[in-house]
Amino acid sequence: MTEHLMKILIVGDGNVGKSSFVHRYVNGQFNKMYKMTVGVDFSVKLLHWSDKEKVRVQLWDVAGQERFISMSRIYYKGASGCVIMFDVSSSSSFLSCRHWKQDLDNKAMLPNGDPIPCILLANKCDLAQRVVSADSINTFSKANGFVTWMETSVKENKNVGEAMRRLVQEILSTR
Ligand code: GDP
């Protein structure tokens, strides 16, 4: 049995659903209360990936900042993958994704020098008031080297596990 350890970062503007995502993924629950993340937290989930492989996923949820703040290099150290999240009802949170991706690529890389696999998540797709179109997300995702992008609703538990599986699969294939 092989056990892989993966440090995966979750970044994006404040209020897009990052801590809800981690909570849903790790504990299977959605908490309606708004809780500002203080400092950096990590949660762990053990995946029984195959007959021969387990994956221990460490999810690092970085402090809920209201504005774009570039993170300290220490958070990026040893990262195997990254989730960049925005809220489909907030165009500013989508625009910030460019900065988050650049920040990631400037500060972290795989041991072989390649960029860290990163998935783009368009969260809160349950909301009627969406302002970011699928076309613009698709174009942005391709132009900026994301593994792929997916619509998620942490509230309705849509694509949470699927998105993480896609990212873990990509990380394993680049190892
Ligand atoms: P963070 O600052 O990025 O960690 O965001 P939070 O996880 O604290 O979520 C911010 C707010 O958005 C909270 O009120 C959540 O309940 C809400 N939220 C998170 N995900 C969703 C979602 O998929 N749909 C809807 N409608 N609300 C969500």
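Treat the numbers as computed from the prediction; the structure is a model and nothing was measured.

## Looking at the overall build of the protein chain
For step 1, the next point in the chain: A count of helices and strands for the protein chain gives five helices and six strands.
For step 2, the next point in the chain: Starting at the N terminus, the α and β elements of the protein chain follow one another as β-α-β-β-α-β-α-β-α-β-α.
For step 3, the next point in the chain: Residues counted as buried form 45% of the 175 residues belonging to the protein chain.
For step 4, the next point in the chain: Contacts in the protein chain between residues at least 24 apart in sequence constitute 73% of all its contacts with a sequence separation of at least 6.
For step 5, the next point in the chain: By element, 49% of the accessible surface of the protein chain is carried by carbon and sulfur atoms, the whole surface being about 9,000 Å².

## Considering the site of the ligand
For step 1, the next point in the chain: By nearness alone, 20 residues border the ligand, and Asn15, Lys18, Ser19, Ser20 and Asp126 come closest of all.
For step 2, the next point in the chain: Here an oxygen atom of the ligand and a side-chain polar atom of serine 20 are 2.6 Å apart.
For step 3, the next point in the chain: Considered on its own, the ligand offers 580 Å² of accessible surface; in the complex 90% of this is hidden by protein.
For step 4, the next point in the chain: Tallying contributions element by element places helix H1 (residues 18-27) first for the shell around the ligand, with three residues.
For step 5, the next point in the chain: For the shell around the ligand, the per-class residue count stands at five nonpolar, eight polar and seven charged.

## Quick look at the packing of H1 against helix H5 (residues 160-173)
For step 1, the next point in the chain: At a minimum axis separation of 10 Å, H1 and H5 run at an interaxial angle of 90°. The orientation of H1 relative to H5 falls into the category roughly perpendicular. On the side of H1, the interface is formed by Phe21, Arg24 and Tyr25, while H5 contributes Val160, Gly161 and Met164.
For step 2, the next point in the chain: Residue composition of the contact of H1 with H5, by class: four nonpolar, one polar and one charged.

## Notes on unusual backbone geometry
For step 1, the next point in the chain: You will see that asparagine 15, though not glycine, has its phi angle at about 80°, which is positive.
For step 2, the next point in the chain: In this structure, asparagine 15 sits in the loop between strand E1 (2-11) and H1.
For step 3, the next point in the chain: A relative accessible area of 43% places asparagine 15 in the partly exposed class.
For step 4, the next point in the chain: The phi angle at asparagine 159 is positive, at roughly 65°, despite the residue not being glycine.
For step 5, the next point in the chain: You can see asparagine 159 is positioned in the loop between strand E6 (149-151) and H5.

The rules behind each value
- Residues numbered from 1 in each chain as written.
- Predicted model: local features only at pLDDT ≥ 70, side-chain atom pairs only at ≥ 80, totals over all residues.
- Heavy atoms only, no water.
- Helix = DSSP H or I, 4+ residues; strand = E, 2+ residues; numbered from the N terminus.
- Buried < 20%, exposed > 50% of the residue type's maximum accessible area, 1.4 Å probe, protein only.
- Contact = heavy atoms within 4.5 Å.
- Areas by Shrake-Rupley, 256 points an atom, 1.4 Å probe, with all protein chains shown as cover.
- Near = heavy atom within 4 Å.
- Polar contact = N/O pair within 3.5 Å; in protein donor to acceptor, adjacent residues only side chain to side chain.
- Nonpolar A, V, L, I, M, F, W, Y, C, P; charged D, E, K, R; others polar.
- Axes fitted to C-alpha atoms, helices over the stretch in contact; angles between N-to-C directions.
- Parallel < 35°, antiparallel > 145°, perpendicular 65-115°, else oblique.

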